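Results of the structural survey
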Amino acid sequence: MQAQIQLLNKQIESTRLSLLAHPVYEQINDLNGLQQFASIHVFAVWDFMSLLKSLQIGLTSVSLPWLPLGNANTRFLINEIVTGEESDVDEQGNRMSHFELYLKAMKQMGADTVAIDTLIQHILRGKSIQESIQLTPISENVKAFLNYTFEIAQNAPLHVKAAVFTFGREDLIPDMFTAILDKIYAAYPEKVSIFKYYIQRHIEVDGDHHSHLATQMVAELCGEDEHKWQEATAAALKSLEKRSLLWDAILEG
């Protein structure tokens, strides 16, 4: 199945490289640019958890009575990532999710959290995710990004969810971004220290180990079924295209 993985990577490579070269990174050259970036990027940090949880529901036993479902390596991958994303540590060693850590970083730097707070409030009041997205004051590009994520999380077969998770939702952090962040941190350490910690921590917990296991998960779920591989490739590619819409929304301001 290594050949199918290589083919999938080849088919999405040009889109992935385009994202790494997206002009959004050129806009993040000062504190204001980082604030604008975070106010939109936070939606990708948040909705990632629903995609991950949908995989946990499908690939592990989360109902009673418990039964050992699926492959133990896949169960380990999903549960390990959930633990890291849902209950990691902040810069002071306190337990919190990466989403909560990101919000903490936004508040430290002075980024606008009104939109993400509004979305969460709509959900807490019992509105559906689709209605909550529609009612939130965000651009149509951000809405399209979120709607695609939840279409996958709620309705897609497991092999498609796994492909989007593994190949379509990787955090694209080019060297240029980390270099810019270092410069902003040097100028505003009291405002950017938590965000810098978040980026460093995210890179640490999403290292080669998780990437390798996630690729194995896709291979196991697609197997020798050519149609599943085609569906997985198409979904991963579309997910990267939706991420481009999110980056476009940041450029629009």
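Structure shown above.
Section: the overall build of the chain
Looking only at helices and strands, the chain features 13 helices and two strands. A compact globule built from 253 residues would reach a C-alpha radius of gyration of about 18 Å, and the chain, at 18 Å, matches this within 12%. The principal-axis extents of the C-alpha atoms in the chain amount to approximately 50 × 40 × 35 Å. The buried share of the chain, reckoned over its 253 residues, is 50%. Within the chain, contacts between residues at least 6 apart in sequence are counted, and of these 73% link residues at least 24 apart. A total accessible area of about 12000 Å² is found for the chain, and carbon and sulfur atoms account for 53% of it. Across the chain, the mean location of the 20 positive side-chain charges is 4 Å away from that of the 32 negative side-chain charges.

A word on the layout of surface pockets
There is about 280 Å³ of room inside the second largest pocket. Lining the second largest pocket are 18 residues, with Ser39, Ile40, Asp112, Ala115 and Gly253 sitting closest to its centre. Contributing elements (two or more residues each) for the lining of the second largest pocket: helix 3 (31–59), helix 6 (114–124) and helix 13 (226–252). The element that contributes the greatest number of residues to the lining of the second largest pocket is helix 3, accounting for five residues. Grouping the amino acids of the lining of the second largest pocket by side-chain chemistry returns ten nonpolar, six polar and two charged.

Some remarks on helix 4 (residues 72–86)
In this model helix 4 runs 21 Å from its N-terminal to its C-terminal C-alpha over 15 residues, within 8% of the 21 Å that 1.5 Å per residue would give. Those residues of helix 4 that sit buried are Thr74, Leu77, Ile78, Ile81, Val82, Gly84 and Glu85.

Digging into the packing of helix 3 against helix 6
As a packed pair, helix 3 and helix 6 sit with axes 9 Å apart at the nearest point and diverge in direction by 35°. Across the interface between the two elements, Val42, Phe43 and Trp46 from helix 3 touch Ala115, Ile116, Leu119, Ile120 and Ile123 from helix 6. Class assignment of the residues belonging to the contact of helix 3 with helix 6 gives a composition of eight nonpolar, no polar and no charged.

What to know about the environment of methionine 1
Within the secondary structure layout, methionine 1 lies in the segment before helix 1 (2–20). Those residues in contact with methionine 1 that lie beyond four places of it in its chain are Ala219, Gly223, Glu224 and Trp229.

What to know about the pattern of salt bridges
When the charged atoms of two side chains lie near each other, side chains of opposite charge can form a pair. Counted by the stated rule, this structure contains eight salt bridges. Close ionic contact of glutamate 131 with lysine 127 constitutes a salt bridge, the shortest N to O distance being 3.9 Å. Among the ionic pairs, aspartate 182 bridges to lysine 196, the shortest N-O distance being 2.6 Å. Placement of the pair is aspartate 182 in helix 10 (residues 175–187) and lysine 196 in helix 11 (residues 189–205), with a sequence separation of 14 residues.

Quick look at the packing of aromatic side chains
One pass over the structure, following the stated rule, counts nine aromatic pairs. With 4.9 Å between their ring centres and 85° between their planes, tyrosine 102 and tyrosine 198 make a pair best called edge-to-face. With tyrosine 102 in helix 5 (residues 98–109) and tyrosine 198 in helix 11, this residue pair connects regions lying 96 residues apart in the sequence. Seen in terms of ring centroids, phenylalanine 195 and tyrosine 198 are 6.3 Å apart; in terms of plane orientation they differ by 35°. Their pairing is tilted. Highlighted residues: phenylalanine 195 and tyrosine 198, both in helix 11, separated by three residues, approximately one helical turn.

Notes on empty space enclosed by the protein
For the coordinates displayed, the defined rule picks out one cavity of 30 Å³ or more. Taken as a whole, the largest cavity holds about 90 Å³ of empty space. Forming the boundary of the largest cavity are ten residues, of which Phe37, His41, Leu172, Ile173 and Trp247 lie nearest the centre. Of all the secondary-structure elements, those providing two or more residues to the lining of the largest cavity are helix 3 and helix 13. For the lining of the largest cavity, the per-class residue count stands at seven nonpolar, one polar and two charged.

Examining the nonpolar core
Of all hydrophobic cores here, the largest spans 83 residues; its most connected members are Phe37, Phe43, Tyr102, Leu146, Phe195 and Met217. The leading source of residues in this core is helix 3, at 16 residues. Beyond its immediate stretch of four places on either side in the chain, phenylalanine 195 contacts Leu34, Phe37, Tyr102, Ala105, Gln108, Met109, Phe177 and Leu181.

Things to note about the side chain of lysine 161
Along the polypeptide, lysine 161 turns up in helix 9 (residues 158–168). Lacking a salt bridge, the buried lysine 161 has glutamate 151 as its closest oppositely charged neighbour, with an N-O distance of 10 Å. From its side chain, lysine 161 meets the backbone oxygen of alanine 153 in a polar contact 3.0 Å long. Among all residues touching lysine 161, those that are not within four sequence positions of it are Leu51, Ser54, Leu55, Ile152, Ala153 and Ala156.

The rules behind these values
- Residues numbered from 1 in each chain as written.
- Predicted model: local features only at pLDDT ≥ 70, side-chain atom pairs only at ≥ 80, totals over all residues.
- Heavy atoms only, no water.
- Helix = DSSP H or I, 4+ residues; strand = E, 2+ residues; numbered from the N terminus.
- Rg over C-alpha atoms; globule rule 2.2 N^0.38 Å.
- Buried < 20%, exposed > 50% of the residue type's maximum accessible area, 1.4 Å probe, protein only.
- Contact = heavy atoms within 4.5 Å.
- Areas by Shrake-Rupley, 256 points an atom, 1.4 Å probe, with all protein chains shown as cover.
- Lys, Arg positive; Asp, Glu negative; His and termini not counted.
- Charge placed at Lys NZ, Arg CZ, Asp CG, Glu CD.
- 1 Å grid on protein atoms, 1.4 Å probe; cavity = no way out; pocket = protein on both sides within 12 Å on 5 of 7 lines; lining within 4 Å.
- Points joined across faces, edges and corners; volume = space filled by probe spheres on them.
- Nonpolar A, V, L, I, M, F, W, Y, C, P; charged D, E, K, R; others polar.
- Expected span 1.5 Å × (residues − 1).
- Axes fitted to C-alpha atoms, helices over the stretch in contact; angles between N-to-C directions.
- Salt bridge = Lys/Arg side-chain N within 4 Å of Asp/Glu carboxyl O.
- Phe/Tyr/Trp six-rings, centres within 6.5 Å; stacked < 30°, edge-to-face > 60°.
- Core = buried A, V, L, I, M, F, W, Y, C linked by side-chain atoms within 4.5 Å.
- Polar contact = N/O pair within 3.5 Å; in protein donor to acceptor, adjacent residues only side chain to side chain.

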